[in-house]
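# Structural features, examined
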Amino acid sequence: MKWDREETARFIGTLGVAMLIAGYLRYSIQGEFLTFSKGLLIAGGVFVLASIVIGFRGLIRFFSKRGTQQGTNTSVLVLAVLVILVLLNFVGYRHHKRFDLTTEKLYTLSDQTRNIVRDLKQDVTVLRFDKTPSSAFDDLMGEYKNLSPHFKFEDVDPQQKPEVAQEFGAAHMGDVIVASGTNREHVQTGAQGDVGEQDITGAILKATSNKVKTVCFATGHGEKSPSDDGQDGYSQAAAGLKKENYATKSVNLIAEASVPTDCSVLVIAGPKQSYYPQETAAIGKYLDDGGEALIMEDPATDPKLDDIYKSWNIAVGSNVVVDASGMGRLFGGGPIIPLVADFGASPITKGFERSVTFFPLARTASIADKSKSIPQAVELLKTSERSFTIPGLKPGETKISYDPKTDTLGPLSLGVAANRKVGDKEARLVVIGNSQFAANPWVGQQRNGDLFFNTIDWLAQDESLISIRPKAPTNRRVTLTEAQETALHWVDLALLPGLVIFSGILIWWKRR
């Protein structure tokens, strides 16, 4: 049997391709290039090249055929599409970009997290101890890693590496620990054992901080308490402060005789009774010595703090603010729950554009004399033009109207932030005409929580923490009545299948 050039080329080419496949398979199985695998790949390449040289004329004739040309054009088109897809994937890998279409931006790291992680000056490692990795948690950690080279993440199987679990103090499956230097912070998990962005970011703050600042809540005059988990309590606000690495405690200014020296910020949250003159003097001295305070006054109360307001050029009105715009009703509020969408230029309200805050039963708090430059002050919270003041609310009053003789039309100021130099220190004071906005039922609404926490951050001069915080997902579950469940069951069981069967019979009847 005598072979011509084309048959010889075909045989050599087939043998070369077989050698290339065999060499690649050996490399895939063994995981390294051994001598025999290299020999197969080299010999296969030589054989394929030789088959092309020997059968070159036959290749020319083959590709000259019309059918081959059409097939070649199709092959080239398919190859071009594949090349484009490969390039797009390569560019996407090198320039990572994600789009978060959820309402609360649940898959986008908050401003707070980005600010904290980008500003890391020391290495931080997050370790998750479990047998099986969590893809959702790994994705979250990937977002953190993109922010800073100082951030690292490890999945650790405590059964395979018990010495690592012992070193970091992991005692249970699913434990998440944030480590920085010798500091270790166990992340508090949720009820379902889940760990969110706010938990991780709070643990990073604690692990990298050398000092814990104390927020002191004044007590003894009916103020809201950080330990009260009721409707008027501040327990949720206190929990939020703890996540931002603040300690909280209650102080009685009568018993203490002065503001304790370890108070980084003094909070007076809605006192119902008046302060004694010596208490007012103690608060004034604390501010005059370079202290920082947040005072929240509700309508129909008189805590006797006017001397402090006067020295800081702040006026707190004896009134109640009414919002007649109707915007509050869109969010479940009424006219005595003014809505604020106009915020002053301050670090406290940075990023609040296109946001709102609510103030259930508020009074005005404004700059008394705007011509004065000391202390420096800004009106933080402005109501709409369709708001106005009334002297007060009468028991059982249902109809509220504007009286030009006694009332003032909006926009109205509900809060002031002021600061002034005291030697080498800077004293800061924020006064807001409402305390309920940060109470348990309201602190999670819209930007209320951000307003409270940013105010504390600004007063404590931790301005790097001022930001928009991560939001929890909105509950979008639909609850059906028993009748609705029955109707839906019959729609699913009978109506939809019946429509499909009827459509099929109708089409068959028309085509028969």
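For the structure, check the block above.
These figures come from a predicted structure and were not determined experimentally.

Before going further, it helps to spend a moment on the sheet that holds strand 6 (residues 246-251). The eight strands are arranged 6-5-7-8-18-17-15-12 in an open sheet whose pairing can be described as mixed. Strands at the two margins of the open sheet, each flanked by one partner only, are strand 6 and strand 12 (342-343). As paired strands, strand 7 (residues 263-269) and strand 8 (residues 292-296) are joined by four bridges and run parallel to one another. Within strand 8, the residue paired with V267 across the bridge is L294. Across the sheet, helix 9 (residues 235-243) is in contact with strand 5 (213-218) and strand 6; its angle to strand 6 comes to roughly 140 degrees.

Another aspect to go through is the packing of helix 9 against helix 14 (residues 448-459). Taken N-terminus to C-terminus, the directions of helix 9 and helix 14 make an angle of 50 degrees; their axes are 11 Å apart at the nearest point. Classified by the interaxial angle, the pair formed by helix 9 and helix 14 is oblique. In this structure, helix 9 crosses over helix 14, and the sense of that crossing is right-handed. Within the contact between the two elements, helix 9 uses Q236, A237, G240 and L241 and helix 14 uses F452, F453 and I456. When its residues are assigned to classes, the contact of helix 9 with helix 14 shows five nonpolar, two polar and no charged.

Let us now look at the sheet that holds strand 3 (residues 175-180). Whenever strands of a sheet pair, they do so through backbone hydrogen bonds, lying parallel or antiparallel. Taken together, four strands build an open sheet; the order of strands is 2-1-3-4 and the sheet is mixed. The open sheet terminates on both sides in strands that have one partner only, identified here as strand 2 (151-156) and strand 4 (183-186). Between one strand axis and the next, the sheet turns through 20 degrees on average, direction left out of account. Strand direction decides the pairing type here: strand 1 (residues 124-129) and strand 3, joined by five bridges, are antiparallel. If you follow R128 over to strand 3, its bridge partner there is V176. Helix 8 (residues 197-208) contacts strand 1, strand 2, strand 3 and strand 4 of the sheet and is inclined by roughly 35 degrees relative to strand 3.

Attention now goes to the environment of N115. Looking at the element boundaries, N115 is found in helix 5 (residues 111-118). Residues N115 and L147, 32 residues apart in the sequence, show an inter-C-alpha distance of 9.2 Å.

For the bond from I374 to P375, the omega torsion is -5 degrees, close enough to zero to count as cis. Mapped onto the elements of the fold, P375 is located in the loop between strand 14 (365-367) and strand 15 (376-382). Cis geometry marks the peptide bond from G410 to P411, where omega comes out at 0 degrees. Within the fold, P411 resides in the loop between strand 16 (387-390) and strand 17 (413-422). Positive phi values are uncommon outside glycine, yet N245 reaches one of about 70 degrees. Even without glycine at this site, N313 takes up a positive phi of about 60 degrees. Among the secondary structure elements, N313 is positioned in the loop between helix 12 (306-311) and strand 9 (314-316). Using a relative accessible area of 8% as the deciding quantity, one classes N313 as buried.

Now for the packing of aromatic side chains. The relative placement of two aromatic rings is captured by the distance of their centres and the angle of their planes. Evaluated as defined, the whole model comprises nine aromatic pairs. The interplanar angle of 65 degrees and the centroid separation of 5.6 Å between the aromatic rings of F137 and F153 together place this pair among those described as edge-to-face. Of this pair, F137 sits in helix 6 (residues 135-145) while F153 sits in strand 2; the two residues are 16 residues apart in sequence, bridging distant segments of the chain. The class for F153 is buried, based on a relative accessible area of 17%. Centroid distance F217 to Y234: 6.2 Å. Interplanar angle 80 degrees. Geometry classified as edge-to-face. Taken as a pair, F217 in strand 5 and Y234 in the loop between strand 5 and helix 9 lie far apart in primary sequence, 17 residues in all. Accessibility expressed as a relative area gives 1% for F217, which makes it buried. Aromatic ring contacts, followed pair by pair, group F217, Y234, F452 and F453 into a single cluster. Note that R420 overlies the ring of W312, its terminal NZ or CZ placed 4.1 Å from the centroid.

Calculation criteria
Residues numbered from 1 in each chain as written. Predicted model: local features only at pLDDT ≥ 70, side-chain atom pairs only at ≥ 80, totals over all residues. Heavy atoms only, no water. Pairing = 2+ DSSP bridges. Helix = DSSP H or I, 4+ residues; strand = E, 2+ residues; numbered from the N terminus. Contact = heavy atoms within 4.5 Å. Axes fitted to C-alpha atoms, helices over the stretch in contact; angles between N-to-C directions. Parallel < 35°, antiparallel > 145°, perpendicular 65-115°, else oblique. Left-handed = near helix turned anticlockwise from the far one by under 90°. Nonpolar A, V, L, I, M, F, W, Y, C, P; charged D, E, K, R; others polar. Buried < 20%, exposed > 50% of the residue type's maximum accessible area, 1.4 Å probe, protein only. Phe/Tyr/Trp six-rings, centres within 6.5 Å; stacked < 30°, edge-to-face > 60°. Lys NZ or Arg CZ within 6 Å of the ring centre and 35° of its normal.

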